[in-house]
Amino acid sequence: MSNKDLSRRSVLKSVALGAVALSGGTALNMAVPGTAQALVRKLPTQWDETWDVIVIGSGFAGLAAAAEAAGGGAKTTLLEKMPTYGGNSIINGGVFAAWDDKWHYREKLNLGADSPAQHWQDILKGGDYYSIPELAKEVADGAADALNWVVEDGGAELRPTVTRAGGHTAYRTHAAKSGVGREYTEALRKIAAKAGIKPTLNSEVTWIWRADADPKSAVLGVEIKRGKKVLNLRANKAVILASGGFSQNVEMRSAHNPRLTAEYNCTNHKGATGEIHKFAQAVGADTLQMNFIQLYPYAEPETGLLDAQAVYPFNGPGYGILYVTKQGKRFVNELERRDVVAYAQINLGKDAKPTWSIFNEAMILPMGGDPEEVAEGLKRGRFIKAESITELAGKCNIPTDALVDTVNKYIQYHKDGKDPEFNKPITPAMITLEKGPFYAIPQWPAVHFCMGGLRINASGQVIDVFGSPIPKLFAAGEVTGGIHGSNRLGSNAIPTCIVFGRIAGRNALKA
Amino acid sequence: MLKPHFLAIAAACLLLGAPLAGPARAAPPGDACTACHPDLSKTLPQKHKAVRGNGMASCTPCHATGQSGEAETNGFSTRLHLTHVPPAVKGDCAACHRIVPGKSFGLIGQPFSWGAPKPADLKLLKEEFASWANSDFTDHLHAKASVDCAGCHGKGLPTSDSTVENDRCLACHGPIEKLAGKTRNVEFPKRNPHSSHLGDDIACTTCHHAHAASVVYCADCHRLWKMSIPGAAK
Ligand SMILES: Cc1cc2nc3c(=O)[nH]c(=O)nc-3n(C[C@H](O)[C@H](O)[C@H](O)COP(=O)(O)OP(=O)(O)OC[C@H]3O[C@@H](n4cnc5c(N)ncnc54)[C@H](O)[C@@H]3O)c2cc1C
């Protein structure tokens, strides 16, 4: 915030005070620095616990922040409201975008070049240039380092490939060996444990304490509910918000994006409810782009679950996967971004549920698949397998002629290196759908990720509605907004959370 | 490490078919037993040796009260409580317990104290005891297996924010691999609540609640799975 803004605000303040003096009424509490307390809540008179740093949320961002803060010597607590740790991070699909300087799967598989600058440009373009460029740059620049950290210090393991995921212009998406985000939450948990951090579960933050909205007024601590007890925790250095998104809060998401009613399934864990956004707003924090909410185009159609199998349609496009309607027709360029693929399905109408992804055996390993996962998916009826496209159509209840025709054309497009229907860029790594066995998996969009959230700067500080950093208040991960613009490219959330978690944790030490 | 209390067998017979003098009521402190059971010999098991006196102080010399806080069954305590708290009778804690609210909580005739519950804590203890004695929840399943408060909560009286850590549950039910074996899904081995993608060190209390309905946490997301849990809401 510039000095000019500051002084303008001071003027506003004195006007408000003057008004109080003249009329004898009360001004909005938050506009009367020093004389009133945020909203109608009285500040606690004593603190039940005192910490240097309080971190809220035990996903990627919170674990990374707590590890850095505690590792730097701050007395740190990591609060988690749920009875289990890890939030969306532990159930995530484990795909991690990073240009890479160490593992060299891209080079080994001859998949072209990549760089942080190219990753940065992809984030900006993929989000229609709504991203705050300097925030996106932190992610692109820090992604490889974040990946190396969880692998080298945390013992996470990767599958020996990289994929090119929708909206990315390079093969840079790494897959966790276990196929889930737990690979990295466990790694981070180990790193945090070395610094003496263990998430404190069943501890729900119910308020953020700040005396008023004066730009110099620091956040003091938080109120929490632990079992039946209500406690107040003081933070001497910083409160770090790493509470994730609000996809599970139907009221909140549809208030910002009215289409996203309860009719849509959701891929998130139950605790992704966004109350921390509101508490932060109540003490002056600014938000941005709250209406940009991503649908995952390939969730399990009935429940919205994003299981290991539901990651295949996302990982497949770079290797030639095909998407069809239940009439057996293509409906989108498979290499498109998530928003495009999701709305291409929704625009087909409700009766179009589900659509299908179709791939063959040869694609499985390159696209980061795992034979055991495939076997399990077949057993559960998630994947359908057939020796021929005709047989597959029959098993999936797709009109045979239509599907055979679509596949034949699709094969030809790959041979020609040109897709006249949907303009999919054809790359040499793509495998033609000629040889069986063939697989199909049903898919439908479900509410997935919040691009919008709290406004932060590149140091992870939360910015107030007037543009000043709120002293001692930091945020990282999905609770923040403005990094991915209107659409996050898949596999960019993990680097975002780890990079900004670390930034917030380190800067909290200096706060 | 299920260590039956050494007197559990004798205690199990205690008070079975005990004839009551008149309708069930709270016994006044001091003459605790004989107020309702005028002839104690009829209440006690046949082979029980004669008892002098008529209160808790007559029992504890032999039926030593647990002070260790070990995870173990306690037949004497369980029997007495099951037959003297609602719904059996409208029991009065002070019939057997020496209570100075906010200061101490022990047994009549015994010098020790298990804690210093305030009136609100005492009220909660009564409520939880009533649930333990007669509910559809895990607490009552433990009552039926002669496990009283200390069996899970250890030394001292539990308070409103007490919780039970995994090692306590696993002392009797463990190791976790054994539980995972019990809930193994032969068809879908990954579908095992005791060995899930949330990790082996997930808190037992995530699903298993003692004084409230237990819930299958998995079903929050895996809505189509049919899983049951002991102590669920009826
Ligand atoms: C099913 C699924 C699969 C995904 N797959 C991928 C993928 O493969 N690659 C990728 O890059 N991204 C993926 N994403 C997105 C990514 O996983 C999330 O954006 C990321 O995990 C968010 O991390 P976080 O640390 O910000 O929040 P979370 O991991 O959600 O953690 C936030 C924590 O804060 C807690 N919390 C919230 N409010 C409070 C409160 N009031 N008091 C205390 N605690 C609170 C929550 O309970 C939660 O545990 C996926 C998301 C989902 C849902």
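Residues numbered from 1 in each chain as written. Chains lettered and ligands numbered in written order. Predicted model: local features only at pLDDT ≥ 70, side-chain atom pairs only at ≥ 80, totals over all residues. Heavy atoms only, no water.

Residue and element names in this part refer to chain B. By the assigned domains, chain B splits into domain 1 (6-153) and domain 2 (166-220). Each side of the interface is counted separately: domain 1 has 13 residues, and domain 2 has 10 residues. At the boundary of domain 1 with domain 2, total buried surface from both sides reaches about 810 Å², with 49% on carbon and sulfur atoms. Contact with domain 2 buries surface across domain 1, with Ala-71, Phe-137 and Thr-138 losing the most and accounting together for 48% of the total. On inspection of domain 1 and its partner domain 2, the count reaches 0 salt bridges. (Domains from an automatic or database assignment. Contact = heavy atoms within 4.5 Å. Buried area = accessible area lost by both parts, 1.4 Å probe. Salt bridge = Lys/Arg side-chain N within 4 Å of Asp/Glu carboxyl O.)

Once that is clear, we can look at the interface of chain A and chain B. Counting from both sides, the interface comprises 18 residues of chain A and, opposite them, 21 residues of chain B. For the pair chain A and chain B, the summed buried area comes to about 1900 Å², and 56% of that belongs to carbon and sulfur atoms. Among the residues of chain A in contact with chain B, Thr84(A), Lys228(A) and Lys379(A) are the three that bury the most area, contributing 23% of the side total. Between the two partners, chain A and chain B, sit 2 salt bridges. For Asp161(B), the salt bridge identified is with Lys229(A), shortest N-O distance 2.8 Å. Linking chain A to chain B there are 8 residue pairs in polar contact (both at pLDDT 80 or more). (Polar contact = N/O pair within 3.5 Å; in protein donor to acceptor, adjacent residues only side chain to side chain.)

Now for the sheet that holds strand β3 (residues 95-97) of chain A. Residues and elements named next belong to chain A. Sheet architecture is open: 3 strands sit in the order β3-β5-β4, paired in antiparallel fashion. Looking at which strands have only one partner, the edges of the open sheet turn out to be β3 and β4 (158-163). Strand-to-strand twist in this sheet, taken as the mean axis angle between neighbours without regard to direction, amounts to 30 degrees. Sheet analysis places β4 next to strand β5 (residues 173-176), joined by 3 bridges and oriented antiparallel. Looking at β5, one finds that Thr-163 is bridged to Thr-173. Packed on one face of the sheet, helix α7 (residues 182-194) meets β3, β4 and β5 and runs near 80 degrees to β5. (Pairing = 2+ DSSP bridges. Helix = DSSP H or I, 4+ residues; strand = E, 2+ residues; numbered from the N terminus. Axes fitted to C-alpha atoms, helices over the stretch in contact; angles between N-to-C directions.)

We now examine the packing of aromatic side chains. What describes a pair of aromatic rings is the distance from one ring centre to the other and the angle between the planes of the rings. Residues and elements named next belong to chain A. Counting across every chain of the model gives 15 aromatic pairs over all chains. An angle of 10 degrees between the planes, with centres 5.2 Å apart, marks the rings of Phe-359 and Tyr-439 as stacked. With Phe-359 in strand β12 (residues 355-360) and Tyr-439 in strand β14 (residues 438-450), this pair connects stretches of sequence that are 80 residues apart. Of the two residues, Phe-359 and Tyr-439, neither departs from the other in class, the shared state being buried. Between the aromatic rings of Phe-383 and Tyr-439, the centroid separation amounts to 6.5 Å while the plane-to-plane angle is 75 degrees, which identifies the pairing as edge-to-face. You can see Phe-383 sitting in the loop between α13 (371-379) and β13 (384-386) and its partner Tyr-439 sitting in strand β14, a full 56 residues away along the chain. The class for Tyr-439 is buried, based on a relative accessible area of 2%. Site record: aromatic cluster; members linked through ring pairs are Tyr-296, Tyr-298, Tyr-323 and Phe-331. Against the face of Phe-314 rests Arg-338, its NZ or CZ located 4.4 Å from the ring centre. A cation over a ring is seen here: Arg-502 above Trp-149, with NZ or CZ 3.6 Å from the ring centre. (Phe/Tyr/Trp six-rings, centres within 6.5 Å; stacked < 30°, edge-to-face > 60°. Buried < 20%, exposed > 50% of the residue type's maximum accessible area, 1.4 Å probe, protein only. Lys NZ or Arg CZ within 6 Å of the ring centre and 35° of its normal.)

All names here are of chain A. Counting 136 residues, the largest nonpolar core has Val-222, Leu-241, Phe-359 and Ile-498 as the members making the most contacts within it. Examining the composition of this core, we find that 10 residues originate from one element, helix α6 (residues 133-153), more than from any other. If near-sequence neighbours (up to four positions away) are discounted, Ile-498 is found in contact with Phe-60, Ala-64, Phe-96, Ala-146, Trp-149, Val-150 and Leu-188. In terms of nonpolar packing, the next biggest core, distinct from the first, is built from 13 residues, Met-252, Leu-260, Cys-266 and Tyr-343 among them. (Core = buried A, V, L, I, M, F, W, Y, C linked by side-chain atoms within 4.5 Å.)

Another aspect to go through is the domain arrangement of chain A. Residue and element names in this part refer to chain A. Domain parsing of chain A yields domain 1 (1-43), domain 2 (50-85 + 196-293 + 448-483 + 494-508), domain 3 (89-191) and domain 4 (295-447). Each of domain 2 and domain 3 has a C-alpha centre, and these two points are 23 Å apart. Each side of the interface is counted separately: domain 2 has 28 residues, and domain 3 has 30 residues. Between domain 2 and domain 3, roughly 2300 Å² of surface is buried when both sides are summed, and carbon and sulfur atoms account for 72% of that area. For the domain 2 face of the interface with domain 3, the top three residues by lost area are Phe-60, Tyr-85 and Ile-494, together amounting to 27%. Put simply, domain 2 and domain 3 have 1 salt bridge between them. Residues Asp-145 and Arg-502 are paired through a salt bridge, measuring 3.9 Å at the closest nitrogen-oxygen approach. Connecting domain 2 to domain 3 are 6 residue pairs in polar contact (both at pLDDT 80 or more). Secondary structure elements with two or more residues in the side of domain 2 that touches domain 3: α2 (60-71) and α16 (493-510).

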